Amino acid sequence: MGTDTACVLEPGVLPAAVGLDDDGVADEMLLAVRESRRWAARQAELIAEADRRGLARRQGFGSTCEWLAVLSGEPVPACRSKVAVAEALERMPETRAAFAAGEVSEGKVRLLAEAQALAPEQFARDEASLVAAVAGASPQQVPQVVASWKRQADPQGTEVQAERLYKQRALHLSKGWLDMLRLSGQLDPESGLIVQDAIRSLSEGAALNASDTRTPAQCRADALVEICRRHLQGGNGSVRPPRVLVTIPWNTLQEGQGLVDTETGPVTAETARRITCDATISRVLLDADSVPVEMGRATRVIPPALRKALDLRDGGCTHPGCDVPARWSDAHHIQHWAQGGKTDLSNLRLLCRKHHRDAHHQQSYPLRQ
Ligand SMILES: [Zn+2]
Ligand SMILES: [Zn+2]
């Protein structure tokens, strides 16, 4: 047995809090924090071992997560996260050691695991210094510490990273007691922009209305419900693409290289090209100090009449075997307009969101004729 199990809380072993002086309360608190981290690290070690042995299935559970939920009594989403972190820690020896020593919190370990998943090779190389930096940073600073490491460790890996982030998208829905529906999950920067913009478009008005007594969180919840309700009622006609404000340097759009900053994080130039494939574009001229000097009117890249003709011709997504209807599809420029591609029927194809993504991020791409 390792020394991790040395501290077992038994009644009477620890001094009662009521009898401690002020320094004593603080000291005992620090000790408790450290010990709870060490126990969390111990849990991670045991979870990883159970997972490796396939213990859950042998004991009649569907998965290690299910096994943990029953054993710990904790909710499934929390267990899912613990299993993922435990599994990642297997590839993170420095992090594991710092966690077991009580030097980093479970939250910080989770963030480090995300960084590891994003750039495994660079993480293995920099793990010791990164763990030290994260251990010394405040919880507010930690995301920036990790992000700046990521930028300098792997400046070329943005396309790969975008793909990894996209793969990590997830949404979990679970019923709480009283039948409240709990939502949790995460979205890649581009998807995040769309969801954020849609929710804001329905919730920001409330902030300006003094007689509206709802909290901002309640307004966002109402906005999400409203969006879903409208969807279920069935939108008619083609979907209006979301109004997302992204400033894209012209060179980036033409060459398809580099990064574009957005409100929810950087997206790759290729993603920017896809967003602008079928969008409302406003031209803004900036002077040398990046101050806008002229703003053009917002114009649709694809005029409504042309879009209607395209909907009629293609009927829906033109990827072979895909049956997503026209109103949920994007109009894709086979050659992007920023590279001189024409906005006419011969250079346009309807593609659903997924296949539009593939078309921009994969070299050769099949189209239904
Ligand atoms: Zn496109
Ligand atoms: Zn499709």
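Residues numbered from 1 in each chain as written. Chains lettered and ligands numbered in written order. Predicted model: local features only at pLDDT ≥ 70, side-chain atom pairs only at ≥ 80, totals over all residues.

Caption draft 1: Structural view of the overall build of the protein chain. The secondary structure content of the protein chain amounts to 15 helices and 10 strands. For the protein chain, with 369 residues in total, the buried portion stands at 22%. Taking all contacts inside the protein chain whose residues are at least 6 apart in sequence as the whole, residues at least 24 apart take part in 54%. (Helix = DSSP H or I, 4+ residues; strand = E, 2+ residues; numbered from the N terminus. Buried ≥ 20, exposed ≤ 12 C-beta atoms within 10 Å, placed from the backbone. Contact = placed C-beta atoms within 7 Å.)

Caption draft 2: Geometry of unusual backbone geometry. With a phi close to 65 degrees, aspartate 179 is a non-glycine residue in the positive phi region. On the secondary structure map, aspartate 179 appears in the loop between β1 (170–175) and β2 (181–186). Among the residues examined, aspartate 179 registers 6 C-beta atoms within 10 Å and is labelled exposed.

Caption draft 3: Here's a closer look at the environment of alanine 198. Within the secondary structure, alanine 198 is located in helix α10 (residues 189–208). With 22 residues separating them in the primary sequence, alanine 198 and arginine 220 have C-alpha atoms 9.9 Å apart.

Caption draft 4: Expanded view of the environment of glycine 192. Of note, glycine 192 is situated in helix α10. Taking the C-alpha atoms as reference points, glycine 192 and arginine 169, 23 residues apart in sequence, are found 9.7 Å from one another.

Caption draft 5: Inspection of the pairing of β2 at higher detail. By the criterion of burial, β2 is predominantly exposed, with just 0 of the 6 residues buried. With 6 bridges joining them, β1 and β2 adopt antiparallel strand pairing. By the bridge assignment for β2, lysine 175 is matched with leucine 181. Taking the residues that link successive antiparallel strands as the turn, the β1-β2 hairpin has 5 residues, and the phi of leucine 178 there is positive, at about 65 degrees. (Pairing = 2+ DSSP bridges.)

Caption draft 6: Spatial organisation of the nonpolar core. In this structure, Leu68, Val85, Leu112 and Val134 are the most contacted members of the largest nonpolar core, which totals 30 residues. Breaking this core down by element, the ones donating at least two residues are α1 (22–53), α3 (64–72), α4 (76–89), α5 (93–100), α6 (106–118), α7 (120–136) and α8 (142–153). Counting residues per element, this core draws most heavily on α4, at 6 residues. One finds Cys317, Ala331, Leu350 and Cys352 within the second-largest nonpolar core, a separate group that totals 10 residues. (Core = buried A, V, L, I, M, F, W, Y, C linked by C-beta atoms within 7 Å.)

Caption draft 7: Focus on the packing of α1 against α4. The geometry of α1 relative to α4 is characterised by a closest axis approach of 8 Å and an angle of 85 degrees between their N-to-C directions. Comparing the axis directions of α1 and α4 gives the class roughly perpendicular. Together, Ala44, Ile47, Ala48 and Asp51 of α1 and Lys82, Val83, Val85, Ala86, Glu87 and Leu89 of α4 make up the contact between the two elements. (Axes fitted to C-alpha atoms, helices over the stretch in contact; angles between N-to-C directions. Parallel < 35°, antiparallel > 145°, perpendicular 65-115°, else oblique.)

Caption draft 8: Representation of the confidence of the model for the protein chain. Put simply, the protein chain has an average pLDDT of 84, and 88% of its residues get 70 or more. In this model, residues 1–6 is a region of pLDDT below 50 whose contacts with residues beyond four sequence positions or in other chains number 3 contacts. Counting interchain partners and residues more than four positions distant, the pLDDT-below-50 stretch residues 236–241 has 10 contacts. (pLDDT = per-residue confidence, 0-100.)

Caption draft 9: Seen up close, the environment of valine 142. Within the secondary structure, valine 142 sits in helix α8. By the C-beta count within 10 Å, which is 20 here, valine 142 ends up buried. With 35 residues separating them in the primary sequence, valine 142 and glycine 107 have C-alpha atoms 9.9 Å apart. Ignoring sequence-local partners within four residues, the contact set of valine 142 consists of Lys108, Leu111, Val134 and Ala137.

Caption draft 10: Molecular detail of the packing of α6 against α8. At a closest axis distance of 11 Å, the pairing of α6 and α8 adopts a crossing angle of 15 degrees. Here α6 is positioned roughly parallel relative to α8, judged by the angle of their axes. Like other packed secondary-structure pairs, α6 and α8 cross with a definite hand, here right-handed. For the pair α6 and α8, contact is made by Lys108, Leu111, Ala115 and Leu118 and by Val142, Pro143, Val146 and Lys150, respectively. The residue makeup of the contact of α6 with α8, split by class, is 6 nonpolar, no polar and 2 charged. (Left-handed = near helix turned anticlockwise from the far one by under 90°. Nonpolar A, V, L, I, M, F, W, Y, C, P; charged D, E, K, R; others polar.)

Caption draft 11: Expanded view of α3. Buried residues of α3: Thr64, Cys65, Trp67, Leu68 and Ala69, and no others. As for α3, its buried residues are in contact with α1, α2 (55–58) and α4. Glycine 73 sits one or two positions beyond α3 and adopts a positive phi of about 75 degrees.

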